[in-house]
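Next come the chains, spelled out residue by residue.
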Amino acid sequence: MTTRSKTGNVAGSRLKKTTDSSSAEKAPVIEISAVLSVKELASLLDISDVDAIKRLMKIGIMANINQTIDFETAARVIAEFGYEARLSSRAARKSSTLLREIKDQQLQQESGGLKPRPPVITVMGHVDHGKTRLLDAIRQTNVMDSEAGGITQRIGAYQVEIDGQRITFLDTPGHEAFTAMRARGAQVTDIAILVVAADDGVMPQTLEAIDHARAAGVPIVVAINKIDKPEANPDMVKKQLADAGLLIEEWGGDTICIQISAKEKKGIRELLENLLLVAEMEELKADFTRPAVGVVLESQLDKTKGVLTTVLVHNGTLKVGDTVMVGTTWGKVRAMFNEAGKQVRRASPATPVEILGLNSQSQAGDTLNVVPGERQAKALSGKRELELERESSARPKAVTLSNLFDQVSTGEVKELAVILKTDVQGSMEPIRTSLERLSTDKVKVRVIHSSSGSITENDVMLAIASKGVVIGFNTTAEAGAQRLAQLENVSIRHYNVIYNLVDDVSKALEGMLEPAQVEVIDGRAEIRAIFSRGKKEKIAGVYVTDGKVTRSASVRVRRQDKVISESTVSSLRRFKDDVREVSSGYECGVGIKDFNEFQVGDVLEFFRTEEVS
């Protein structure tokens, strides 16, 4: 095939065609940049714009003539015409240099420009213990701006100033959002405030918040709230915290504890001063002179303004006019707003701002980087998408008991993080102690969270963030937790004998774990009516709430979270017809082998077991 000479009029001479002289049999080589527009691709191949769009549609790419495509997509189309695509040496050098600069920005801090930066604080704790009221009290204590005291929050983060020093607060819904961000690799919090009500004490969500903060390696400052109440008992709270492994300074520990009343605004200044003290001990520093690096807190599409992205600047200074890359999207910062909605020209480290200018929405946890210009941002966008695909395929497998030994042997894992859920409190401590005794020189077993009750989505989220496994003892997993675990490849193991649980973990550490029988929940249904069939048999009229029901499936009957029977489906009917399966959203009649004691409100759980190596 002879090479066409159609490339001379391509804009900016970005595309160059050469013939490989090493072998006459080899396909002619076309040098292209990391990204190019569909129009440029059509011009390069001497075909119409419509033909180029059709070729892309054949490989599943929907793009108009002005949209850009990456190198690999262009190479696939070019190959159909008998050519070999090659990244031009200049483009390869430029994109690799830019990527290296971005990685250097993230991983290195130039010692000459380092200065102390404000701490970033997240408030956590049990519901109704006063988190929102505390944040309101802190906002009203703000003396940084006379107009900023009583403002309505525009973004979920803001700054206050005390004695000339700033503190940044993240107004998140709690430890679930905190952990979700960390699961995506975004460690945005420096210090966690744990709010505990003096009249209510340590509650389940308090314990969860402690475990989540510990798993993140974040210092905890305790705020005992509601001390203005007559029934307040701060000493009881301190004892409960000690029982949870959080020993306050007054009792010989290293956790700062401040008694406050958010309602009466007592102790707020002392709390802020102690936060600054912890920040000083943490030696939080950043380079204010370098191009900005930040993390996305949230992103939304405004009908009038377009894409608005809330960013927390982590290092460097972000300025209006900067070209930024966020994940795989990019844009030029046209405007920035602080939490009061006031336009600002620059944002220094630990400052939250809302920026206008990205060409599409990004995800919470995505990294923001300033790049030299739009051309480089466009080139890097395609390059980064390819890198993310490669990273995704090369990413280490999720830790399970089955692959634990292999990951320990290759040095990928040095700690097995366990989220332990039991039916009763009494089972928790002996299992926890037995598991942690299995630690070896090569791998440490650490129970980062333990509580009683069913396995929830929050437990799975913590396992994702800590790269751990979930172990249930005499308890089940909620439907949402199972879906999330399957989606994220998180291992959930169920046991009803302590010896088997500990033995499996021990064997996993030694690489001797045999294939396990794993339970898979196929569906759930709620009993809404009961019918008689003959003298002895009863049929449950059910509504399938989740998954599906299959004839001959294993089933357990639950009544107020207790399993009262376990058997198999003996009959399955829709109206008068026998059917093989019924999906969620439909009603049906279910008969259960050797069980007739149905009650309206009972839940039927349909399951099967699979062998997993």
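Everything below is about the structure printed above this text.
Note that the structure is predicted; figures quoted are calculated from it, not measured.

Visitor: Looking at this structure, I do not really get helix H3 (residues 71-80). What am I missing?
Guide: Each α-helix turn comprises 3.6 residues. Residues three or four places apart therefore point the same way. Where H3 is concerned, the buried positions are Phe71, Thr73, Ala74, Ala75, Val77 and Ile78. Those residues of H3 that are buried are in contact with strand S2 (29-32), strand S3 (35-37), helix H1 (38-45), helix H2 (49-58), strand S4 (68-70) and strand S5 (84-87).

Visitor: What am I meant to see in unusual backbone geometry here?
Guide: Phi is positive for Asp46, which is not a glycine, with a value near 60 degrees. Relative to the elements of secondary structure, Asp46 occurs in the loop between H1 and H2. Phi is positive for Asn474, close to 55 degrees, though the residue is something other than glycine. For Asn474, a relative accessible area of 39% corresponds to the partly exposed category.

Visitor: Where do I start with the packing of H1 against H3 in this structure?
Guide: How two helices sit against one another is set out by the angle between their axes and by the gap between those axes. At a minimum axis distance of 11 Å, the contact between H1 and H3 shows a crossing angle of 25 degrees. Between H1 and H3, the angle falls in the class roughly parallel. Note that H1 runs across H3; the crossing there is right-handed. Across the interface between the two elements, Leu41, Leu44 and Leu45 of H1 pack against Ala74, Val77 and Ile78 of H3. Here the contact of H1 with H3 is composed, by residue class, of six nonpolar, no polar and no charged.

Visitor: Can you help me understand the packing of aromatic side chains in this one?
Guide: Ring pairs (aromatic) are described by centroid distance and by the angle formed between their planes. The full count for this structure, using the stated rule, is two aromatic pairs. Between the aromatic rings of Tyr158 and Phe169, the centroid separation amounts to 5.8 Å while the plane-to-plane angle is 20 degrees, which identifies the pairing as stacked. On the criterion of sequence distance, the pair formed by Tyr158 in strand S8 (residues 157-162) and Phe169 in strand S9 (residues 165-170) is long-range, its members being 11 residues apart. No difference in accessibility class separates Tyr158 from Phe169, as the two residues are buried. With 5.2 Å between their ring centres and 85 degrees between their planes, Phe595 and Phe598 make a pair best called edge-to-face. Phe598 shares its class with Phe595; the two are buried. Over the face of the ring belonging to Phe288 we find Lys115, whose NZ or CZ atom lies 4.6 Å from the ring centre. The residue whose ring lies beneath Lys305 is Phe337, and the NZ or CZ to ring-centre distance is 4.6 Å.

Visitor: Just checking my understanding: could you explain the pairing of strand S10 (residues 191-197) for this structure?
Guide: Looking along a regular strand, one sees side chains alternate from face to face of the sheet. Most of S10 is tucked away: seven of the seven residues are buried. Alternating residues of S10 divide into Ile191, Ile193, Val195 and Ala197 and Ala192, Leu194 and Val196, and every residue in both groups is buried. Bridge count for strand S7 (residues 120-125) against S10 is five bridges, and the pairing is parallel. Along S10, the bridge assignment pairs Gly125 with Val195. Direction of pairing for S10 relative to strand S11 (residues 220-225): parallel, over a ladder of six bridges. Considered in S11, the bridge of Val195 is made with Ala223.

Scoring rules and cut-offs
Residues numbered from 1 in each chain as written. Predicted model: local features only at pLDDT ≥ 70, side-chain atom pairs only at ≥ 80, totals over all residues. Heavy atoms only, no water. Buried < 20%, exposed > 50% of the residue type's maximum accessible area, 1.4 Å probe, protein only. Helix = DSSP H or I, 4+ residues; strand = E, 2+ residues; numbered from the N terminus. Contact = heavy atoms within 4.5 Å. Axes fitted to C-alpha atoms, helices over the stretch in contact; angles between N-to-C directions. Parallel < 35°, antiparallel > 145°, perpendicular 65-115°, else oblique. Left-handed = near helix turned anticlockwise from the far one by under 90°. Nonpolar A, V, L, I, M, F, W, Y, C, P; charged D, E, K, R; others polar. Phe/Tyr/Trp six-rings, centres within 6.5 Å; stacked < 30°, edge-to-face > 60°. Lys NZ or Arg CZ within 6 Å of the ring centre and 35° of its normal. Pairing = 2+ DSSP bridges.

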